[in-house]
Every structure is written in structure tokens, then in C-alpha cells.
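Chain by chain, the residues run as shown.
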Amino acid sequence: MGCSASQELCSKTVNSLKGKTAITEESERTLEKFGLNRRQVFLLKTTWKSISNEMTAHGLTIFVDMFKSHREVFDIFPRLNPVLASYYTGIKTPTDKLVNEAFSVHGAKVMNRVDEALRNFDQLELVLSLLRQTGSYHRRFHGFKPQFFRHFEQPFLHLVRSLLGTKYTDQVHEVYVIIARFLIEALIDGYNGDKPGIGY
């Protein structure tokens, strides 16, 4: 979920936190809370590195799945509705140029932020800051409910499985289930917190 209008502020946040020690005691406690150990963080980083570009490019697929399966989520994205409304029934992969762009732009923003978080996952303070900022940003969507973030899990896991192919072992599945839920809880935390969203 990369930054746009607030690029400078987001960059300052990233730069100010990147110099901090990876896997501090506090970070390790946070990892343990979510059931991750150092070996699993390493597995995450190595598998994510091999598919991150494709995940970003396929952000469109995640959002087609989400909007198709959850009408209530579709309805609260007013900037997408005018273009997408007539395509809702039976939508699989939009072919119209405007529809494709509407999904692709939002999907790419979201996946850029996910990519930024997972590439820096051993720096928990940075990751939590980025995700909470993104969660709070969603307050601007009238009618959005924080539980809508949970609809991200299954399309995300399906795409990871598809791209990793035979590398998607039971151990990798366990890691990405934990990661998906970690991302979602951090987004919900940000939405429910006091800080205003900075955009993405």
C-alpha cells in the first residue's frame, strides 16, 4: 500500500525507523504473540522475495475476488463504484480499460504497502507504523467497517499459493496464515486508533 499524496511524510517514517535494530526483544515478543519464530520470519522473507513483484502486479486479482465476494466492501469505495457498478454481476477479470485501471490502481497501492511491510518484517516498529497508518486512512471511506479488512485474507493466501506453486508447503502456509492475520489486525488497530491516516 504505497504512499501517494503523503509520500514525503511516509518516507520520513520509513527512514526514521529503518536504522533501528532488527528483532529487538520487544519485536521478538510481538512475533511470539503471533506465533512466529526467527526461522519463520526468514522463510517469509525468502519466499516473499521470490513473488513480491508478481503479487504487486496481481493486486487486481485480489480486489476482483474481494469485491465479487463481498458486496458491502464494494459499496463503500465511491471512487470505484461509477466504473465498476455495471460489471459487478459475474465479474471475473475486468476487460474494459477503465474498469481494469480502477481495480489495478487500488490493488497496486495496497500490494505496494503489503510489500513494504513484508520486506521489512524483521523491523516490527516500522511495519506496525506503516500498517496502522494505512488502517487509519480507511476512515475516510464512509460506511467502511474495520472488519472488512478480514476479507483480504483468503484472496491473499490464494494468490500466494498460486504464485509459489510447489514451494507452497505446509510450513509456508502456516507462516502466511499468521502473516495475513497479523497484517489484518494491524490495519484494524490503525483504523480504531487515534492517529489520522496519511494516505497511501
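These remarks concern the structure in this document. Keep in mind the model is a prediction, meaning the values are calculated, not measured.

The next point concerns the overall build of the chain. When its secondary structure is counted, the chain shows 10 helices and 0 strands. Its helices and strands taken in sequence order, the chain reads α-α-α-α-α-α-α-α-α-α from the N to the C terminus. Among the 200 residues that make up the chain, the fraction classed as buried is 50%. Long-range contacts, defined here as pairs at least 24 residues apart, represent 79% of the contacts in the chain between residues at least 6 apart. Of the accessible surface of the chain, which amounts to about 10300 Å², a share of 51% is contributed by carbon and sulfur atoms.

With that settled, the discussion passes to the packing of aromatic side chains. Counted by the stated rule, this structure contains 6 aromatic pairs. Plain terms: the ring middles of Phe156 and Tyr176 are 6.3 Å apart, the flat faces sit at 50° to each other, and that makes the pair tilted. In this pair, Phe156 sits in helix H9 (residues 153-164) while Tyr176 sits in helix H10 (residues 170-192), placing the two residues 20 residues apart along the sequence. Aromatic rings pair up to connect Trp48, Phe152, Phe156 and Tyr176 into one cluster.

So, on to the packing of H9 against H10. H10 packs onto H9 with a crossing angle of 145° between their chain directions and a minimal axis gap of 10 Å. Remark: the crossing between H9 and H10 carries right-handed chirality. Taken together, the residues of H10 that come into contact with H9 (itself represented by Glu153, Phe156, Leu157, Val160, Arg161 and Leu164) are Val172, His173, Tyr176, Val177, Ala180, Arg181 and Ile184. Of the residues belonging to the contact of H9 with H10, the class tally is 9 nonpolar, 1 polar and 3 charged.

Within this structure, the stated rule accounts for 5 salt bridges. Measuring nitrogen to oxygen at the nearest pair gives 2.6 Å for the salt bridge that ties Arg150 to Glu185. Residue Arg150 is located in the loop between helix H8 (124-137) and H9, and its partner Glu185 is located in helix H10; the two are separated by 35 residues in the primary sequence.

What follows deals with the environment of Tyr137. The residue Tyr137 is located in helix H8 in this model. Through-space distance from the C-alpha of Tyr137 to that of Leu187 is 9.5 Å; in sequence the pair is 50 residues apart.

Its place among the elements puts Glu72 in helix H5 (residues 71-74). Linking Glu72 and Lys145, residues 73 residues apart in sequence, is a C-alpha distance of 9.5 Å. Once you skip the residues sitting within four places of it in the chain, Glu72 turns out to touch Phe148 and His151.

Turning our attention to helix H3 (residues 38-57). Along an α-helix, a turn takes 3.6 residues, which lines up residues three or four apart on a common side. With 20 residues, H3 ought to run about 28 Å at 1.5 Å a step, and its terminal C-alpha atoms sit 28 Å apart, in line with that. At Ile51, H3 shows its strongest bend, of approximately 55°. Listed as buried for H3 are Gln40, Val41, Leu43, Leu44, Thr47, Trp48, Ile51, Ser52, Met55 and Thr56.

Cut-offs used in this document
Residues numbered from 1 in each chain as written. Predicted model: local features only at pLDDT ≥ 70, side-chain atom pairs only at ≥ 80, totals over all residues. Heavy atoms only, no water. Helix = DSSP H or I, 4+ residues; strand = E, 2+ residues; numbered from the N terminus. Buried < 20%, exposed > 50% of the residue type's maximum accessible area, 1.4 Å probe, protein only. Contact = heavy atoms within 4.5 Å. Areas by Shrake-Rupley, 256 points an atom, 1.4 Å probe, with all protein chains shown as cover. Phe/Tyr/Trp six-rings, centres within 6.5 Å; stacked < 30°, edge-to-face > 60°. Axes fitted to C-alpha atoms, helices over the stretch in contact; angles between N-to-C directions. Left-handed = near helix turned anticlockwise from the far one by under 90°. Nonpolar A, V, L, I, M, F, W, Y, C, P; charged D, E, K, R; others polar. Salt bridge = Lys/Arg side-chain N within 4 Å of Asp/Glu carboxyl O. Expected span 1.5 Å × (residues − 1). Bend = angle between axes of the 7 residues up to and from the residue.

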